[in-house]
Amino acid sequence: MRFCRVLFVTAVLAAGVMPSAASEALAQPKPSADEFVPLDEVPPEEQIPAINLVAAAYGFVWIVVVGYVWSLGKRLQQAESEIAALERKAR
Amino acid sequence: MSRLNQIELALAGMMLGVSPWIIDAAPYESTMGLVQKIFYYHMPAAWLFLLAALVAGVASGMFLFGKKKDADGWALAAAEMAVVFGIITLVTGPLWARKAWGIWWVWDARLTSSLILWMIFVAYLLLRRYGGPGSDKLGAGMALFGLANVPFIFVSVNVWRTLHPQTSVVPTLPVQMGGPLWFCLTAFLLLFLALMSMRARLERQRVRIENLYLAEDEA
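In short, a report on the structure. None of the values given here were measured: they were computed from a predicted structure.

Quick look at the overall build of chain B now. Counting secondary structure elements, chain B contains 6 helices and 0 strands. N-terminal to C-terminal, the α/β element order of chain B is α-α-α-α-α-α. Relative to its 219 residues, chain B shows a buried fraction of 39%. Long-range pairs, those at least 24 residues apart, make up 77% of the contacts in chain B between residues at least 6 apart in sequence.

Structure below.
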């Protein structure tokens, strides 16, 4: 008889707690990594100062442009000297 | 390097050298603030990326269907420009997006198709470098495929929902922001013209070297 009473109380408690736990879980879903977070709510340690991003962008452009101009100039110079050597050989 | 190329390069260098001061004088965009200044390099690079892909595709078409051999050199030069200006676009964009959107990258129509276009021209250059005989015609076909992607990239922001601003932004810019943009675009365009002409010249020299080696073998 006592066992039945304990079982009844447990069942009543479980029936009362479980739906509320389930609804809480539905109401507050776990934050996901892909979830949108407004920028002003992002924690300070995750924010990157705009000046760093602007400097990186402008620095990258300059490095690519200077690097490419240098590489193209070098390739042109090599081709010109090869042509001159071949023409000398042909004469 | 021709005299015209030297003038174009010097002018582009001077204009790009003073551009940070001109951009600094432009007003801040109300919602994005300082990070929006990346726009003044990002947008000209993106336009020239598409222009280079367009030139490479048209020149490849002339080479394939019009049997114009010189056009192949121009296609190769333009493909290299597409890779250079494409990497500038694809790196500066995410640096801007990180602050403006809170993420580095989204797989939307504009960004994904731009990445695909860049990869097409990287593949084109690899094919031309290591493909051996016949790679010129195969490469021309790839460049035509890249050309077909250009209008898709341009209209993608107007057709699909995306975080990227629409094409209607530029015509509505105030003069204080439009001035620095057109200044940077002119500088980038001069740079593009000089570099493309130099790259096409390098290709003509390579053809000349091949002919000299052939003449040497025959002699």
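Assigned secondary structure in chain A consists of 2 helices and 0 strands. Relative to its full complement of 91 residues, chain A shows a buried share of 10%.

If you look at the interface, chain A gives 27 residues, while chain B gives 31 residues. Here the residues of the side of chain A that touches chain B sort into 22 nonpolar, no polar and 5 charged.

Our focus in this paragraph is the packing of helix 2 (residues 39–65) of chain B against helix 3 (residues 69–100) of chain B. All names here are of chain B. In contact at an axis separation of 7 Å, helix 2 and helix 3 are set at 155° when each is read in the N-to-C sense. It follows from the interaxial angle that helix 2 and helix 3 lie roughly antiparallel. For the pair helix 2 and helix 3, the crossing hand works out as left-handed. A breakdown of the residues in the contact of helix 2 with helix 3 according to their chemical character gives 23 nonpolar, 6 polar and 1 charged.

This next bit is on the environment of Trp21 of chain B. Residue and element names in this part refer to chain B. Mapping Trp21 onto the fold places it in helix 1 (residues 3–25). For Trp21, a count of 9 C-beta atoms within 10 Å translates into the label exposed. It is 19 Å that separates the C-alpha atoms of Trp21 and Leu189, two residues lying 168 residues apart in sequence.

Right, let's talk about helix 3 of chain B for a bit. An α-helical turn contains 3.6 residues, so any two residues separated by three or four positions project in the same direction. Residues and elements named next belong to chain B. Along its 32 residues, helix 3 runs 46 Å from first to last C-alpha, staying within 8% of the 46 Å computed at 1.5 Å per residue. Of all 32 residues in helix 3, 24 are buried, a share of seventy percent or more. Looking one or two residues beyond helix 3, the residue adopting positive phi is Gly102, at roughly 90°.

The contact between helix 2 (residues 50–90) of chain A and helix 3 of chain B brings their axes to 9 Å, and the two run at 175°. Viewed along their axes, helix 2 of chain A and helix 3 of chain B adopt a mutual orientation that is roughly antiparallel. Across the interface between the two elements, Ala50, Leu53, Ala56, Ala57, Phe60, Val61, Val64 and Tyr68 of chain A from helix 2 of chain A touch Val84, Ile87, Ile88, Val91, Thr92, Leu95, Trp96, Arg98 and Lys99 of chain B from helix 3 of chain B. The class makeup of the residues in the contact of helix 2 of chain A with helix 3 of chain B is 14 nonpolar, 1 polar and 2 charged.

Another aspect to go through is the environment of Ser2 of chain B. Summarising the element assignment, Ser2 of chain B is placed in the segment before helix 1. Placed 192 residues apart in sequence, Ser2 of chain B and Ala194 of chain B show a C-alpha to C-alpha distance of 9.3 Å.

Moving on: the nonpolar core. Counting 68 residues, the largest nonpolar core has Ala78 and Ala82 of chain B as its most contacted members. Going through the elements one at a time, helix 2 of chain A together with helix 1, helix 2, helix 3, helix 4 (109–130), helix 5 (135–159) and helix 6 (175–218) of chain B are the ones with two or more residues in this core. With 16 residues, the single largest contributor to this core is helix 3 of chain B. Filtering out sequence-adjacent residues up to four positions away, Ala82 of chain B remains in contact with Phe49, Ala52, Ala53, Ala56 and Phe121 of chain B.

What counts, and at which threshold
- Residues numbered from 1 in each chain as written.
- Chains lettered and ligands numbered in written order.
- Predicted model: local features only at pLDDT ≥ 70, side-chain atom pairs only at ≥ 80, totals over all residues.
- Helix = DSSP H or I, 4+ residues; strand = E, 2+ residues; numbered from the N terminus.
- Buried ≥ 20, exposed ≤ 12 C-beta atoms within 10 Å, placed from the backbone.
- Contact = placed C-beta atoms within 7 Å.
- Nonpolar A, V, L, I, M, F, W, Y, C, P; charged D, E, K, R; others polar.
- Axes fitted to C-alpha atoms, helices over the stretch in contact; angles between N-to-C directions.
- Parallel < 35°, antiparallel > 145°, perpendicular 65-115°, else oblique.
- Left-handed = near helix turned anticlockwise from the far one by under 90°.
- Expected span 1.5 Å × (residues − 1).
- Core = buried A, V, L, I, M, F, W, Y, C linked by C-beta atoms within 7 Å.

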